[in-house]
Amino acid sequence: MAKLGRRIGLGVLLLALAGGVFAGARWNQLNARYCGYKLRTATTDEARLKAACQLIEAGESGTPYLVETFRSGDAERCAAVALAIRDYFRDLQPTDPRFAELCRPHALGFAEYSETGRESAFALVPDFLRCPNAEFVPISRDIVRLTLKQPSVELRVQAIHLAMRPDLDQKADVVACLPAPEAEVRRAAMLAVGPAGPGSPAIGDEELFAWLNDADSQVQMLCEAALSTRGLEPEQIAAARKLTSPDAAERLKLLIDLRWSRDGIRDPGPWLERLSRDADPAVRAGAARVAYECKLAFAGWLDRLAKDDPDGTVRRIVQFHRSRAAELKQVGYGGE
């Protein structure tokens, strides 16, 4: 009988404990629901922040309400939740399991957040990267990649800055922002990937030339400075600006410079080859003429023009200059 009594007593105790755990969990859920209601109905920044902090303290029970806020389009509530999370992270060690637990739902759910939610939640990405869990680096890269395509100019500029972190190293993604319609985005992208730096450049020198004629003067200036860090001389940068000018007259002026001025550009060959791919037939024909007048050895690009250029006049002009060069060789002139 004594043993039976002890067993019954133990069973009652276990049931009481289970009931207490259930009641505690139920209470947490009810409390989180109430805090979620307070967050939705709050009318001041202070009240919204307080409710958001209470949801964070509620742990797993409060997480769905935080996620739902970022999915909504309410800017004030999204801002309050982001601020509350960042404040919570400030006093928590990244190695604390609660750090990763709070990061994970927002890192994984970012793609499903509203545009307004993403604008607020993006501020959490540096905290994701503080977490020692390796999973957050590739997730953060995906978030940055997605954010670089968002409509918000301010958000894209923030994403460009974050993409340059060594632990993310997303220069290639930033290059895609260089043609952005907004000057602010182009400036940030040029500052990020234009100057010379360690490792291979994300974009080549010649690919940068087009931004020397950007509609924004600051982008032009930043591009010029970036090319200078890559070793280009002022005369070469000036030539690159003419080479990529939308005005064919400027590109024709470059042909004159290459013909008569060798101070800055001692070897006109590479520049003439670039001009041989110009959209204007007059420029392509002019490149062939200057190549002859500079007594350059005729290279493959002239053969291509003579045979495959879509403009018949260009083909005839190139063939004419090739024949003149051949005549010079027959009389014993070997060229420079």
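Residues numbered from 1 in each chain as written. Predicted model: local features only at pLDDT ≥ 70, side-chain atom pairs only at ≥ 80, totals over all residues. Heavy atoms only, no water.

I tried to follow the confidence of the model for the chain on my own but got confused; where do I start?
Detailed reading of the predicted coordinates is not advisable wherever pLDDT falls low. Per-residue confidence for the chain averages 89 on the pLDDT scale, and 87% of its residues sit at or above 70. Confidence drops under pLDDT 50 across residues 9-24; counting only partners more than four residues distant or on other chains, this segment forms zero contacts. Here residues 330-336 is modelled with pLDDT under 50, and outside its nearest four sequence neighbours on either side it reaches six contacts, counting other chains as well. (pLDDT = per-residue confidence, 0-100. Contact = heavy atoms within 4.5 Å.)

Sorry if this is basic, but what is going on with unusual backbone geometry here?
The general pattern is negative phi for most residues beyond glycine and trans for most peptide bonds. Phi is positive for Asp169, close to 50°, though the residue is something other than glycine. Considering the arrangement of structural elements, one finds Asp169 in the loop between α9 (153-163) and α10 (171-175). (Helix = DSSP H or I, 4+ residues; strand = E, 2+ residues; numbered from the N terminus.)

Which parts of the structure should I look at to understand helix α18 (residues 300-308)?
One turn of an α-helix holds 3.6 residues; hence residues three or four places apart share an orientation. Buried within α18 we find Trp301, Leu302, Leu305 and Ala306. Buried positions in α18, seen along its axis, are confined to an arc of 140° and lie on one side of it. Relative to its buried face, α18 has exposed residues pointing more than 90 degrees away, namely Lys307 and Asp308. (Buried < 20%, exposed > 50% of the residue type's maximum accessible area, 1.4 Å probe, protein only. Arc of directions from axis to C-beta.)

How do you make sense of the packing of helix α17 (residues 281-293) against α18 when you look at a structure like this?
How two helices pack is summed up by the angle between their axes together with the distance between the axes. Packing of α17 against α18 brings their axes to within 11 Å, and their N-to-C directions diverge by 135°. Taken together, the axes of α17 and α18 lie oblique to each other. When the axes of α17 and α18 are compared, the crossing they make is left-handed. Residues Arg284, Ala287, Ala288 and Ala291 of α17 pack against Trp301, Leu302 and Leu305 of α18. Classifying every residue of the contact of α17 with α18 gives six nonpolar, no polar and one charged. (Axes fitted to C-alpha atoms, helices over the stretch in contact; angles between N-to-C directions. Parallel < 35°, antiparallel > 145°, perpendicular 65-115°, else oblique. Left-handed = near helix turned anticlockwise from the far one by under 90°. Nonpolar A, V, L, I, M, F, W, Y, C, P; charged D, E, K, R; others polar.)

Hey, could you run me through the packing of helix α4 (residues 75-90) against helix α5 (residues 97-109) in this one?
Viewed as axis vectors pointing N to C, α4 and α5 meet at an angle of 155°, and their least axial separation amounts to 10 Å. What the angle tells us is that α4 and α5 run roughly antiparallel. Every pair of crossing elements has a handedness; the one defined by α4 and α5 is left-handed. Contact residues: Ile85, Tyr88 and Phe89 in α4; Arg98, Phe99, Leu102, Cys103 and His106 in α5. For the contact of α4 with α5, a count of residues per class yields six nonpolar, one polar and one charged.

Looking at this model, I keep getting lost on the packing of aromatic side chains. Mind explaining?
Working definition: an aromatic ring pair is given by the centre-to-centre distance plus the angle between the planes. Scanning the entire structure with this criterion turns up five aromatic pairs. Ring pairs connect the aromatic residues Phe70, Phe110 and Tyr113, which therefore count as one cluster. Above the plane of the ring of Trp260 lies Arg259, whose end atom (NZ or CZ) is 4.1 Å from the centre. Seen from the ring of Trp271, Arg274 lies directly overhead, with NZ or CZ sitting 4.5 Å from the centre. (Phe/Tyr/Trp six-rings, centres within 6.5 Å; stacked < 30°, edge-to-face > 60°. Lys NZ or Arg CZ within 6 Å of the ring centre and 35° of its normal.)

Is there a simple way to think about the pattern of salt bridges in this case?
Where side chains of opposite charge bring their charged atoms close, a pairing between them can arise. The final tally for this structure, using the stated rule, is 27 salt bridges. For the salt bridge of Arg277 with Glu206, the shortest nitrogen-to-oxygen distance reads 3.6 Å. Taken as a pair, Arg277 in the loop between α16 (269-275) and α17 and Glu206 in helix α12 (residues 205-208) lie far apart in primary sequence, 71 residues in all. Classification of Arg277 by relative accessible area gives partly exposed; the value is 47%. Since its relative accessible area comes to 35%, Glu206 is described here as partly exposed. A salt bridge links Asp278 to Arg251, with the nearest nitrogen and oxygen atoms 2.5 Å apart. A residue pair is termed long-range when its members are at least 10 positions apart, and Asp278 in the loop between α16 and α17 and Arg251 in helix α15 (residues 248-260) qualify at 27 residues. For the residue pair Asp278 and Arg251, the accessibility class agrees, reading buried in each case. Residues joined in a network through salt bridges with shared partners are Glu206, Glu273, Arg274 and Arg277. (Salt bridge = Lys/Arg side-chain N within 4 Å of Asp/Glu carboxyl O.)

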